[in-house]
Amino acid sequence: MSTPCLRRLNRLLIASLVLWVATAGAGEAASSSLRQPRVLVLYSNQRLLPAGIAVDEAIRATFETGLEVPVEFYAEFLDVDRFPSVTQQERMREFLSEKYQERTPDVIIAGGGSALNFLVRHRANLFSRVPVVHCGVSRRSLPGSMPDDLIVGIPHAVDLAATLEIALRLQPDTRHVAVVGGGDAGGSVLTASGKAVEFLWLTNQVIGELRDALSRLPDHTVVLYGSLFHDSAGNAFTPRTALEQIAPASRAPIYGHYDTYLGHGIVGGSMITYQIVGGSAAQTAIRILQGERPQDAVRGVSHTPTPMFDWRELRRWSISESRLPPGAQVLFREPTLWERHKWLILGILLVTSAETVLIILLVISRIRRRRIEHLLRQSEYRLRLAAEAAGAGLWGLDLATNVFWLTDQTRKLFGFSETETITVERFLAVVHPEDRGLLQQRLSELNESRGCSSVTFRIVGPDGTIRWIASRRSLQCDASGRPQALTGVSTDITEQQRNADEIQRLQTEAWHADRVVRTGAITSSLAHELNQPLAAMLSAAQAGLRFMAAETHDPQEIRDILQNIVQDTKRAGAVVSGLRAMVRRQASQRERVNVAEVVQATLDLLHSELLTHRVRLDVQCQPNCCVQADKTQIQQVILNLTMNAIEAMQRLPHEARRIEIAAGRDGAETVRLSVADSGFGIPPEETPRLFEAFWTTKAQGLGIGLAICRSIIESHRGRIWLASNEPGRTTFSFSLPLDSHA
Amino acid sequence: MKEDATIFVVDDDASLRRSLLWLLRSAGWRAEAFASAADFLARPSFAGIGCLILDVRMPGIEGPQLRDRLAARDASLPVIFLTGHGDVATGVDAMKKGAVDFLLKPCDDEVLLQAVESAVERHRAAQAQALELHDIRRRLACLSPREQEVMQCVIAGSLNKQIAEALGIAEKTIKIHRGRLMQKLAVNSVAELVQLCLAAGISPRRLP
């Protein structure tokens, strides 16, 4: 073997070894085929053409999702607009051929008509057996015939006519259509559309002239923008930058059919997005890579144009969205004020509404307060009025400063001047000396007495007159319970006090009168009671005299007689004093009274009366029951009840007349005394009014006996009532507080 | 004279009882006292001379009632009522029923003693009279029916002849009857006979 041969063989060996190692390291990705598929994308224009970028992105994205195995992408840019010459194309062919000699792509995607034509023209010498998927190639740009069936693709339906249609739809009163860029082929389509418009061809102008021309367009004009790659001066552009330069100057809305122009100055048009274009081309390529025949792979992939518009341009030319064709997409909507500053607006609204609510609440609160103040004033006014009408003086004492607040009425009541500051000392100065101690004590007891308390006391006027004042006061504490102030009402009760004294006096008089009357009723009996001892004394004394007149007499007998006389005198004296006690006019005297003794004293007075009426008596008194009472008054009550009992049995036969008197403890704190007679009883209809004053069913009598009994008993804090009322047993009972001091 | 008489005092008042006893004794009377009518009635009945001093108003049997009871028992004790009540009705009623006297307390000793004395005398007289009457009746009981007839005619003032004619007996028989009955009755004259018959309550028989 020759050395160059060996060297070639060696290189081949090493290359294949490297290749094998490389593919072995690729791992799982190269599971099905030995190596990664290679895809070459060949673009007609320069790298930075927006259409190209969009297609490229679409292709890669589609491959990413559509094919599991990673793909090697290669991209080449023919840039035919700037390098159109044949020689340049030939250089390109040679370059590509050599570059991809060892890396023949598995599929080629041709972007644009120029790329496709380039590939077709050089098919024999370049990528002769590689499947080609073309995209973005308009029908007109398609070559007449394909060299083989490996070249497939979907023609790019550039729908100029549809865009014009749209333009006229949006602006029906268009009369002129200015066409910029796009080539002659586009022109024929337009004129063939049959629209009643005049076409203005703005081709072969310098960019500056183009701008002027656009700015001088007549009314009712629309502009159709194809693709301007260079002007007549030979300046090259990307069509989009050209658009950007002329669009602001235009006097008429510009319509175009490339989606990449949307947002750079055109209103819109019927478009196929380059995304779709790229995507469908990639899909076809994927199928081919997966083994389908190219002719099969391309079927079922299609794309239709969509009307797409720039919202900003619609607004610029005041084109209403309602005129847009159905299915139209509107891009570049500027977020409304709301959308842009949604949170800010919400925030402001929130704050505003919060403020509004707050203001409303404050206003309501204020109205309420005003109303309350009004009510309060009204109430205070009424209070003053009522206080004045009642002669009541309102006052308050601040416990911290010891100073009084007084209404004018109160000042008048106490004899203070209208302006004087009244302290506690000043107040006490007008209080009667005997009552000062009480008031001071009450003041110092303040802390213990919550709630209301009352006190009565006397005040001494400047002229020495004494008046009685009743004060009702209530303690006010602060939140922590400490006494803060005392408020109260004071009234002049001098009149009431005098009346009360008078009533007391009259009552005493009435009781006395009743006693006199009662005692008068038993005068004859009392006389008889006196008679007995008197008669005995007389006879005894005379007997004594006779004994003494005899020759001999027994001194002992005389002594006995004299002692008898002494006893009888005392007996008579007791009757007299009992009588005197009954008829004496005296104020109530309370003392410790033994109930059994009082009963006995009363019965002594009534002894003859009971005898006269032939009444049998049964007395049961507990020995040690005592009450704190006026003895005469209790005796008066028992007398009353017993005499009533005697009277009640008048119509009974003698044998049936019985009075039972019982006295004893009733519970722990009460003494009860009852007088029961065996009479016919009291008719039920009369019982409610028994204790009423001046009410009687008897033919004689004032009817005040029981009423007086009641007033006496009640003045002793006791109770009197009809305990039983059956025929044969009528019982009156009264109870008094037990005097339990031993 | 007072030795054979007994004065009874019934009064519920102990002191007065004692005083009255003293008084009576001081005047030489024999006296007994009782607290109630029931106590007095419980005593065996008294047949001698005496009188009863009663308090009108007493528990239990009252004065007038006791008097009625006594009357029923045919005990002829005279009753003097003593009372502290000057009740006219009771007094009148008492006197109507035959009480000897009605005295008010307090009573002067002279008044009381006087009343007692006259009451005792009356009782004595009444007793004597009763005795005599008893004797007369005994004597009258001895008479035969014919003698009784004759007696009745005699005291009418009829002559023997008239009596004989009326009764259809001989005059001589009449004279015999007359003599006999006068003897039996122990009277000496027609006048005495008449008195006797009056005392006995025998009424004359008038002839047609």
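Right above here is the structure, for reference.
Here the structure is a predicted model, which is why all the values come from computation and not from measurement. (Residues numbered from 1 in each chain as written. Chains lettered and ligands numbered in written order. Predicted model: local features only at pLDDT ≥ 70, side-chain atom pairs only at ≥ 80, totals over all residues. Heavy atoms only, no water.)

Visitor: Can you help me understand the interface of chain B and chain A in this one?
Guide: When the parts come together, some accessible area is lost, and that loss is often what is quoted as the size of the interface. On the chain A side, the residues contacting the 28 residues of chain B number 23 residues. Buried surface at the junction of chain B and chain A, both sides included, amounts to about 2,200 Å², of which 51% is carbon and sulfur. The tally of links between chain B and chain A comes to 4 salt bridges. There are 14 residue pairs in polar contact (both at pLDDT 80 or more) connecting chain B and chain A. In terms of residue count, the dominant contributor to the side of chain B that touches chain A is helix α1 (residues 14-26) of chain B (9 residues). (Contact = heavy atoms within 4.5 Å. Buried area = accessible area lost by both parts, 1.4 Å probe. Salt bridge = Lys/Arg side-chain N within 4 Å of Asp/Glu carboxyl O. Polar contact = N/O pair within 3.5 Å; in protein donor to acceptor, adjacent residues only side chain to side chain. Helix = DSSP H or I, 4+ residues; strand = E, 2+ residues; numbered from the N terminus.)

Visitor: Where do I start with the pairing of strand β23 (residues 719-726) of chain A in this structure?
Guide: Residues in a regular strand project their side chains so that they alternate between the two faces of the sheet. All names here are of chain A. Two strands pair when backbone bridges link them, and β23 and strand β24 (residues 729-737) are joined in this way by 7 bridges, in the antiparallel orientation. Paired with L722 across the strands is F732, a residue of β24. The antiparallel pairing of β23 with β24 creates a hairpin that spans 2 residues between the two strands, and G728 there sits at a positive phi of about 100°. (Pairing = 2+ DSSP bridges.)

Visitor: Honestly, the packing of aromatic side chains in this entry has me stumped. Any pointers?
Guide: How two aromatic rings sit relative to each other is set out by the distance from centre to centre and by the angle between their planes. Residues and elements named next belong to chain A. Scanning the model with the defined rule gives 15 aromatic pairs over all chains in all. Measuring from centroid to centroid gives 5.5 Å for F414 and F427, while their planes differ by 75°, and the two rings are edge-to-face. One end of the pair, F414, is in helix α14 (residues 408-414); the other, F427, is in helix α15 (residues 424-430), and 13 residues separate them in sequence. On the numbers, 6.0 Å between centres and 85° between planes, the contact of F427 with F457 is edge-to-face. With F427 in helix α15 and F457 in strand β15 (residues 452-460), the pair connects residues that are 30 residues apart, well separated along the chain. Of the residues examined, F457 reaches a relative accessible area of 1% and is grouped as buried. By the ring-pair criterion, three or more aromatic residues cluster together here, those being W395, F404, F414, F416, F427 and F457. (Phe/Tyr/Trp six-rings, centres within 6.5 Å; stacked < 30°, edge-to-face > 60°. Buried < 20%, exposed > 50% of the residue type's maximum accessible area, 1.4 Å probe, protein only.)

Visitor: Looking at this model, I keep getting lost on the nonpolar core. Mind explaining?
Guide: Across soluble globular proteins, nonpolar side chains have a tendency to be buried as a group. Residues and elements named next belong to chain A. Counting residues in hydrophobic clusters, the biggest one holds 50 residues, and the most contacted among them are I59, F63, I109, V180, V223 and Y225. Examining the composition of this core, we find that 7 residues originate from one element, helix α9 (residues 274-289), more than from any other. If you look at the next biggest cluster of nonpolar residues, it comprises 47 residues, including L526, L610, V671 and F734. (Core = buried A, V, L, I, M, F, W, Y, C linked by side-chain atoms within 4.5 Å.)

Visitor: It is not clear to me how the side chain of S490(A) should be interpreted in this structure. Could you clarify?
Guide: Residues and elements named next belong to chain A. Among the structural elements, S490 can be located in strand β17 (residues 483-492). Reaching out from S490, the side chain makes a polar contact with the side chain of S471 at a distance of 2.6 Å. Those residues within four positions of S490 in sequence are excluded, and the remaining contacts are G391, A392, G393, W395, L413, F414, I469, A470 and S471.

Visitor: Please explain the sheet that holds strand β5 (residues 101-104) of chain B as it appears in this structure.
Guide: Sheet strands pair via backbone hydrogen bonds, and the direction of the pair is either parallel or antiparallel. Residue and element names in this part refer to chain B. Read from one edge to the other, the open sheet built from 5 strands follows the order β2-β1-β3-β4-β5, with strand pairing classed as parallel. Bordering the open sheet on either side are β2 (30-34) and β5, each of which pairs with just one other strand. Taken pair by pair, the neighbouring strands of this sheet meet at an average axis angle of 20°, ignoring direction. Pairing analysis gives 5 bridges linking strand β1 (residues 5-10) to β2, with the strands arranged parallel. Paired with I7 across the two strands is A31, which belongs to β2. (Axes fitted to C-alpha atoms, helices over the stretch in contact; angles between N-to-C directions.)

Visitor: Would you mind going over the environment of P253(A) with me for this structure?
Guide: Residue and element names in this part refer to chain A. Counting through the fold element by element, P253 comes out in the loop between α8 (239-246) and β9 (254-256). Taking the relative accessible area as the measure of exposure, P253 reaches 2% and is therefore buried. Between the alpha carbons of P253 and V222 there is a distance of 5.4 Å; along the sequence they are 31 residues apart. The contact partners of P253, leaving out residues within four places of it in the chain, are Q171, T221, V222, V223, V267 and W317.

Visitor: Would you mind showing me how to read a nonpolar patch on the surface here?
Guide: Residue and element names in this part refer to chain A. A cluster of nonpolar residues, L9, L12, L13, I14 and V18, forms a patch on the protein surface that exposes about 480 Å² of accessible area. Looking at the secondary structure, you find L13 in helix α1 (residues 3-25). Residue classification places L13 among the exposed positions, given a relative accessible area of 55%. (Patch = residues over 30% accessible without salt bridge, like charges linked within 9 Å, V, L, I, M, F, W, Y side chains within 5 Å. Areas by Shrake-Rupley, 256 points an atom, 1.4 Å probe, with all protein chains shown as cover.)

Visitor: In this structure, what is going on with the packing of helix α22 (residues 631-648) of chain A against helix α23 (residues 705-715) of chain A? I would like to understand it.
Guide: Angle between the axes and distance between the axes are the two parameters that describe a pair of packed helices. Residue and element names in this part refer to chain A. Contact pair α22 / α23: the axes reach a minimum separation of 10 Å and the direction vectors enclose 150°. In terms of axis orientation, α22 runs roughly antiparallel to α23. Judged by the sense of rotation from one axis to the other, the crossing of α22 with α23 is left-handed. Residues Q633, Q636, V637, N640, L641 and N644 of α22 form the contact with α23, whose participating residues are G705, L706, I708, C709, I712 and I713. Looking at the contact of α22 with α23 residue by residue, the classes come out as 7 nonpolar, 5 polar and no charged. (Parallel < 35°, antiparallel > 145°, perpendicular 65-115°, else oblique. Left-handed = near helix turned anticlockwise from the far one by under 90°. Nonpolar A, V, L, I, M, F, W, Y, C, P; charged D, E, K, R; others polar.)

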